[in-house]
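# Breakdown of the fold
For reference, the chains in residue letters:
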Amino acid sequence: MTFPELAETLEQTGAGSVPPYRAEQIFSWISRGALSFDRMTDLPQAWRRELAARFSIRGSRVSGRLDDPDGTSKLRFTLADGAVIEAVLLAAEKTRPDRGEPYRSYTACLSTQAGCPVGCVFCKTGSLGFLRNLDTFELTDQFLALSDLVRERDGGSCRISHIVVMGMGEPLLNLAALRKALDILCDPRGFGFSKRRITISTSGISAGILELAEQGPEAELALSLTTAREDLRRRLMPGAGGNSLEGLKGALKIYQEKTGRRITLETVLLGGINTGSGDARALAAFAKGLKTTVNLIPWNPVPGLSFGGEKIREPPADETGRFRRLLEQEGIQVTGRYRRGRGISG
C-alpha cells in the first residue's frame, strides 16, 4: 500500500476514528523493518491485535541466502504461488571525500518478474523462460529484506544508498507495479528514498521508454544495448528484437528531451561475438547525438550458454581494452563495470 492507501484502509478497520499520525507511525515502523504488529509499541494493544488478525506486513518468504567474500549477498524468495526470484545486495568500500573516513555503501538490485520474456542468449535468467510479473509488494519485500541484511551487518549506522532495477525480468514490461513500488520507497514518511539514486535498466522497450518520459518514475535510465548491429542484436536478444535500433534511439532522444537526463548504454562484451572494430563503430554511431555514457560489462561465465553453436566465452582483458580504446577514439565516454558477487552468481 502507498501511504494514502494505508491511511484509507485504517479508516475501515472498525477501530473508530483514526488520527492521521497513526498511519504515519505504521508506515514508519514497516520502513524500519518491523516484522510484526506487536513490535509497533506506540500503537494501542487492541489495534495491534486487530491489525495482526487482518493484515500481513510481508508476503514473500526468504528461502535462501548466499554470501560472497566481496560483501555481496544474494537472497532467494519463494512467493505465495511457489515462484522463485532473487535479489542482490551489493557492498562497496568507499571514502568520504570531505573527511577522508572509510565507509560501506550498499546498493539493492531488485527483480521485477519471475523469469524473463526477453530471452537474451547470454543471460541465465533468460534461459529460465517467463512465469509472470511481480506484484508491488513482491518488489518492496525485496528491498525490505535487503535492508534487514544491512541492519544485521551495520546496525543503524548504514542504510541502502542506491537501487538498481537490474535483477530478473524486464522492468518496462511491469511498469505499473514498479512505479507504485518506487512511490512507496520514495515516500518521505517512510524510506524517503531519492529517485535520483534509482536506476532502471531495460533491454530496449521503446513504448516503455516513452511512457517513462511522460509518466515517470523520475529515475535514471540504463539501456542494455549489447550491440548496435541490428541483425546481431535480434539474435542475441530475441525478445527485444521487435524494437528496432532506429525506433529505440528515437525513443531515447524523446526521453532526454523530456527529462534532460544522461542515459547509460550497457554493453555486455561476449568474447569474439560483439567485440570487433565494426561493433565498436556501430556502437559509437548509435551513441552519437545522445547524452550518454557507455558502460562496458565483460560477460560473467554461465555454464551451458551458447551462441551460433559455440559456447559463449568471457572476453580476455586485451580484447576488452581494445574495444574500449576504439570507442574512446570515437569520442565516446566509457566506464567499466566492477564485478561483485561472482562467486554466488550475483
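Above this note sits the structure.
Parameters at a glance
Residues numbered from 1 in each chain as written. Predicted model: local features only at pLDDT ≥ 70, side-chain atom pairs only at ≥ 80, totals over all residues. Heavy atoms only, no water. Buried < 20%, exposed > 50% of the residue type's maximum accessible area, 1.4 Å probe, protein only. Helix = DSSP H or I, 4+ residues; strand = E, 2+ residues; numbered from the N terminus. Arc of directions from axis to C-beta. Contact = heavy atoms within 4.5 Å. Pairing = 2+ DSSP bridges. Right-handed = clockwise from strand over helix to strand, strands pointing away. Core = buried A, V, L, I, M, F, W, Y, C linked by side-chain atoms within 4.5 Å.

When helix H6 (residues 206-215) is considered as a whole, its buried residues turn out to be Ser206, Gly208, Ile209, Leu212 and Ala213. Seen along its axis, H6 keeps its buried residues to an arc of 165°; they face one direction. When the buried face of H6 is taken as reference, the exposed residues oriented beyond 90 degrees from it are Ala207, Glu214 and Gln215. Residues of H6 that are buried make contact with helix H5 (175-186), strand E8 (198-202), strand E9 (220-224) and helix H8 (245-259). Backbone geometry just after H6 places glycine 216 at a positive phi near 80°.

Attention shifts here to the pairing of E9. Among the 5 residues in E9, 5 count as buried, and that is most of the element. The two faces of E9 match: Glu220, Ala222 and Ser224 on one face and Leu221 and Leu223 on the other face are all buried. Two elements, E8 and E9, share 4 bridges in a ladder whose sense is parallel. What sits directly across from threonine 199, in E9, is glutamate 220. On the question of chirality, the crossover connecting E8 to the parallel E9 by way of H6 is right-handed. Taken together, the 4 bridges between E9 and strand E10 (residues 263-269) define a ladder with parallel strand orientation. Bridged to leucine 223 within E10 is leucine 265.

Attention shifts here to the pairing of strand E7 (residues 160-165). In terms of residue burial, E7 counts as a mostly covered element, since 5 of its 6 residues are buried. Bridge analysis of strand E4 (residues 102-109) against E7 gives 4 bridges, and the strand direction is parallel. Paired with tyrosine 106 across the strands is isoleucine 160, a residue of E7.

All right, on to the nonpolar core then. Judged by nonpolar contacts, the single largest core of 66 residues is most densely connected at Leu146, Ile160, Leu252, Leu265, Phe286 and Leu327. Core analysis: the second largest hydrophobic core is formed by 17 residues, Cys120, Phe122, Leu270 and Ile297 among them.

These results come straight from atomic positions and should not be treated as a statement about function.
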